[in-house]
Amino acid sequence: MKVIIEKDYERLSKVAANIVKDEIEKKPNLILGLATGSTPEGMYKELIRMHKEEGLDFSQVTTFNLDEYVGIDKDHPNSYHYFMKNIFFDHINIDPNNTFIPDGTAENPEEYCKEYDKLIEDKGGIDLQILGIGENGHIAFNEPDEYLNLNTSIVKLTESTIQANSRFFDSLDQVPKTAITMGIGSIMKAKKIILLANGKKKAKAIRELLKQDKLTTQLPASMLLLHPDVTVIIDEEAYEG
Ligand code: PGA
């Protein structure tokens, strides 16, 4: 696991965007795994700038998002579909037909989860996966538990995640309690992974991860220690706490 510590969020976002840019330049039809949340917003902003000012070309790129709430419509302002369109896709030259986000309203969720993993495989697998990390050490919506799902699954969100995500909703009880998420196995199949974390709130999870001494389902991000190509990019606050 390679660890890069940047002075602040702006630097972290630029370093992450540069890695994405390099990968797209090496392989214009990159299969890119994307994350939502506050963490990657700066990286998306920088990628939009690179597209507008430097001609970074997304026309052949395919994206797969990690997760989505269950029971929220695609056009709901708190859906991850809405977030991705609003924050990123609408500002670059990606073909909307090449952007995939789990459908939290699928009629047959179990079948749908299998199809999502199969679609990733059929497209050749994820080349580069972007991850954030939860305050509780989750990656995507793989929450600390006795076991972790290997494949894309429907999961219950923990109190800690519901609490953390309530900042985007009018009240705590409006936050969905279940989500659809790529599993740990789906994520680990990515050829290259970048995990981003900024701010004091992430320091505890990052401290545990950077000990690099044990795997535990109580810190889902620790599974990344088994992956051969992970870069953790953090700011000083997430490093020092
Ligand atoms: P955040 O969420 O980027 O909004 O902090 C990250 C996560 O929960 O994985």
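Note: the structure precedes this text.
A quick note: this is a predicted structure, and the numbers were derived from the prediction, not measured.

A. Expanded view of the overall build of the protein. In terms of helices and strands, the protein carries 8 helices and 10 strands. Its C-alpha atoms give the protein a radius of gyration of 17 Å, near enough to 18 Å, the size a compact globule of 241 residues would have. Here the C-alpha coordinates of the protein stretch approximately 45 × 45 × 35 Å along the principal axes. Expressed as a percentage of the 241 residues in the protein, the buried residues total 54%. Of the contacts formed within the protein by residues at least 6 apart in sequence, a portion of 79% connects residues at least 24 apart. For the protein, the accessible area works out to roughly 11500 Å², and carbon and sulfur atoms hold 48% of it. Positive and negative side-chain charges of the protein, numbering 28 and 40 respectively, have mean locations separated by a distance of 4 Å.

B. Inspection of the pattern of salt bridges at higher detail. Scanning the entire structure with this criterion turns up 15 salt bridges. The residue lysine 74 makes a salt bridge to aspartate 103 at a minimum N-O spacing of 4.0 Å. Of this pair, lysine 74 sits in the loop between strand 4 (67-69) and helix 3 (80-87) while aspartate 103 sits in the loop between strand 5 (99-100) and helix 4 (109-122); the two residues are 29 residues apart in sequence, bridging distant segments of the chain. Looking at lysine 74, the relative accessible area reads 44%, which means it is partly exposed. You can call aspartate 103 buried: its relative accessible area is 17%. A salt bridge links glutamate 237 to lysine 200; the nearest nitrogen and oxygen atoms lie 3.7 Å apart. On the criterion of sequence distance, the pair formed by glutamate 237 in helix 8 (residues 236-240) and lysine 200 in the loop between strand 9 (192-197) and helix 7 (203-210) is long-range, its members being 37 residues apart. Overlapping salt bridges, with partners in common, bring together Lys21, Glu46, Arg49, Glu53 and Glu54 in one network.

C. Up close: the pairing of strand 10 (residues 230-235). Of all 6 residues in strand 10, 6 are buried; the element is thus mostly enclosed. Residues Val230, Val232 and Ile234 line one face of strand 10 and the alternating positions Thr231, Ile233 and Asp235 line the opposite face, and both faces are buried. Relative to strand 10, strand 1 (residues 2-6) is paired through 5 bridges, and the arrangement is parallel. Looking at strand 10, one finds that valine 3 is bridged to valine 232. Sheet analysis places strand 9 next to strand 10, joined by 5 bridges and oriented parallel. From the neighbouring strand, alanine 197 faces strand 10, where its bridge partner is isoleucine 234.

D. Summary view of the nonpolar core. By size, the foremost hydrophobic cluster in this structure holds 35 residues, and its most contacted members are Leu131, Ile139, Ile187, Leu195 and Leu224. Counting residues per element, the ones that place at least two in this core are helix 4, helix 6 (184-188), strand 9, helix 7 and strand 10. Of the residues forming this core, the biggest block, 4 residues, is contributed by helix 4. The residues contacting isoleucine 187, other than those within four sequence positions of it, are Leu66, Gln129, Leu131, Ile139, Ala140, Asn142, Met182, Ile193 and Leu224. Membership of the second largest hydrophobic core comes to 31 residues, among which are Leu12, Leu34, Phe58 and Val61.

E. Layout of helix 2 (residues 41-54). The end-to-end C-alpha distance of helix 2, which contains 14 residues, comes to 19 Å, matching closely the 20 Å that a straight helix rising 1.5 Å per residue would cover. Gly42, Met43, Tyr44, Glu46, Leu47, Ile48, Met50 and His51 are the residues of helix 2 that are buried. Elements in contact with the buried residues of helix 2: helix 1 (9-26), strand 2 (31-34), helix 3, strand 6 (128-131) and strand 9. Once helix 2 finishes, glycine 55 follows within two positions and takes phi at roughly 75 degrees, a positive value.

F. View of the site of the ligand. Every residue near the ligand is listed here: Gly37, Ser38, Thr39, Gly132, Ile133, Gly134, His138, Arg167 and Lys202. Side-chain polar atom of threonine 39 to an oxygen atom of the ligand: 2.4 Å apart, as the coordinates give it. A distance of 2.7 Å is found between an oxygen atom of the ligand and a side-chain nitrogen or oxygen belonging to histidine 138. Notes on the ligand: free accessible area 280 Å², of which the protein chains cover 82%. A class-by-class count of the residues in the shell around the ligand yields 1 nonpolar, 6 polar and 2 charged.

Quick notes on the rules
- Residues numbered from 1 in each chain as written.
- Predicted model: local features only at pLDDT ≥ 70, side-chain atom pairs only at ≥ 80, totals over all residues.
- Heavy atoms only, no water.
- Helix = DSSP H or I, 4+ residues; strand = E, 2+ residues; numbered from the N terminus.
- Rg over C-alpha atoms; globule rule 2.2 N^0.38 Å.
- Buried < 20%, exposed > 50% of the residue type's maximum accessible area, 1.4 Å probe, protein only.
- Contact = heavy atoms within 4.5 Å.
- Areas by Shrake-Rupley, 256 points an atom, 1.4 Å probe, with all protein chains shown as cover.
- Lys, Arg positive; Asp, Glu negative; His and termini not counted.
- Charge placed at Lys NZ, Arg CZ, Asp CG, Glu CD.
- Salt bridge = Lys/Arg side-chain N within 4 Å of Asp/Glu carboxyl O.
- Pairing = 2+ DSSP bridges.
- Core = buried A, V, L, I, M, F, W, Y, C linked by side-chain atoms within 4.5 Å.
- Expected span 1.5 Å × (residues − 1).
- Near = heavy atom within 4 Å.
- Polar contact = N/O pair within 3.5 Å; in protein donor to acceptor, adjacent residues only side chain to side chain.
- Nonpolar A, V, L, I, M, F, W, Y, C, P; charged D, E, K, R; others polar.

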